[in-house]
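# What the coordinates show
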Amino acid sequence: MTAITSDTVHVPSPTSDRPIALWLLACAVLVLAMAVIGAITRLTESGLSMVEWKPLIGILPPLSEAEWNRVFDLYKGTPEFRVFNNRMDLAGFQEIFWWEWFHRLWGQAIGFVFLIPFLRFWIQGRIAPALWPKLAGLFLLGGLQGVVGWFMVKSGLVDQPNVSHYRLALHLGMAILIYALLLRTALGLLDPLPLAGWRPEAASLRRHARWALGLVAVTIVWGAFVAGARAGYAYNTFPLMEGHLIPPEIGTLVPWWHNPFENTAAIQLLHRALALLTGLAVLALAARVALARLPGRAGRAAAAAGAMVLVQIGLGIATLLTVVWIPVAAAHQAGAILVVSTLVWLLHELRAVRR
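I will try to describe carefully the structure that is included in this document.

Cut-offs applied
Residues numbered from 1 in each chain as written. Predicted model: local features only at pLDDT ≥ 70, side-chain atom pairs only at ≥ 80, totals over all residues. Heavy atoms only, no water. Salt bridge = Lys/Arg side-chain N within 4 Å of Asp/Glu carboxyl O. Helix = DSSP H or I, 4+ residues; strand = E, 2+ residues; numbered from the N terminus. Buried < 20%, exposed > 50% of the residue type's maximum accessible area, 1.4 Å probe, protein only. Axes fitted to C-alpha atoms, helices over the stretch in contact; angles between N-to-C directions. Parallel < 35°, antiparallel > 145°, perpendicular 65-115°, else oblique. Nonpolar A, V, L, I, M, F, W, Y, C, P; charged D, E, K, R; others polar. Polar contact = N/O pair within 3.5 Å; in protein donor to acceptor, adjacent residues only side chain to side chain. Contact = heavy atoms within 4.5 Å. Core = buried A, V, L, I, M, F, W, Y, C linked by side-chain atoms within 4.5 Å.

## Here's the deal with the pattern of salt bridges
As enumerated under the stated definition, the model contains 9 salt bridges in all. The salt bridge involving Asp73 is made with Lys76; its shortest N-O contact spans 3.7 Å. Placement of the pair is Asp73 and Lys76 together in helix 2 (residues 65-76), with a separation of 3 residues, close to one helical turn. Judged by relative accessible area, which is 35%, Lys76 ranks as partly exposed. We note a salt bridge from Arg297 to Asp191, for which the minimum N-O separation is 2.8 Å. A residue pair is termed long-range when its members are at least 10 positions apart, and Arg297 in the loop between helix 9 (264-292) and helix 10 (298-321) and Asp191 in the loop between helix 6 (165-190) and helix 7 (202-228) qualify at 106 residues. Judged by relative accessible area, which is 17%, Asp191 ranks as buried. One connected set of salt bridges, linked through shared partners, spans Glu52, Lys54, Glu67 and Arg70.

## Overview of the packing of helix 1 (residues 18-43) against helix 4 (residues 90-123)
Contact geometry of helix 1 with helix 4 gives a least axis separation of 9 Å together with a crossing angle of 170 degrees. Between helix 1 and helix 4, the interaxial angle falls into the category roughly antiparallel. Looking at the contact of helix 1 with helix 4, its residues break down into 20 nonpolar, 4 polar and 1 charged.

## Overview of the side chain of Ser155
Among the structural elements, Ser155 can be located in the loop between helix 5 (132-154) and helix 6. Using a relative accessible area of 16% as the deciding quantity, one classes Ser155 as buried. In terms of polar contacts, Ser155 uses its side chain to reach the backbone amide nitrogen of Ser164, at 2.8 Å. Beyond its immediate sequence surroundings of up to four residues, Ser155 is in contact with Gln160, Asn162, Val163, Ser164 and Arg167.

## Details of the nonpolar core
One finds Trp23, Leu24, Phe114, Leu135 and Leu182 to be the most contacted residues of the largest nonpolar core, which totals 64 residues. Those elements that place two or more of their residues in this core are helix 1, helix 4, helix 5, helix 6, helix 7, helix 9, helix 10 and helix 11 (326-349). In terms of residues, this core owes the most to one element, helix 6, which gives 11 residues. Sequence-distant contacts of Leu135, defined by excluding residues within four places in its chain, comprise Trp23, Leu24, Phe114, Phe118 and Ile127. The next biggest cluster of nonpolar side chains, apart from the first, holds 11 residues, and it includes Tyr75, Phe93, Phe97 and Trp101.

And the structure:
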């Protein structure tokens, strides 16, 4: 009888990659926190308080009265100050300044938390050749996200007293993309061969999960439109919108195709409809996975997705009924990312295993 040794068969082990996976998970948590901080920054009307973009050298806040007056004078030249805040004094400006400053500081901190361990793992030779491009790509995406953030802010510094909701959707979408890629990469390192992927029914469930994740992404985009167009401050009733299932104002813009993207009533109606459709898709997916009785953790991931999508729908309704109360609205943004998390986890558990 021939013994099977490590020279005969190589079984991938995640042990050596565990520190890298935990580092990526820590970065993902920081990105999640960044999205919540960004939501609070937007909800407190603080996002346009800093009109200069100074990567790295702009980490320090104003440290003297003269510097505070200088940055306040810059803010006085913005449309937001002229239209909404022309009676604001320096103390009021400082209140909104600190949230935007903290938001930018957190973003730069994420860059350092990613870059320094990345360089260390690289120098130590612990990054596999196939993993290196993924990590380098994540770092470049993070840098691009900073540029997109400034691109968004600039849209509110010229003619309009608020940022473009299209650019806001792009900024939020990129944040969630980076988060999802961090999570997926970390899970792949922790568990390269999930058990459910061996089962033939996993292929159909993977397709369903991808469609569900796509619906979540589209719903999030329309949620960003709701936030950017301030559509959440209108029609604060549920399930009807001020007594109407479909409000008559949804088609007032000409040409008609502007309405889904720029009409407050249409944007909110679409977001509601997408949220309910997404909820049904995720719940159906959770039921299918439960019936399949797959090995491994796929069942737990699907159950978490089903539970989280119900919580998220509840948070969305609560955000409307409380007229965008900041704690509830920030939780709603976090909930969207947690729904993405559960579906990324489920897709990992269902990933195809190459024999």
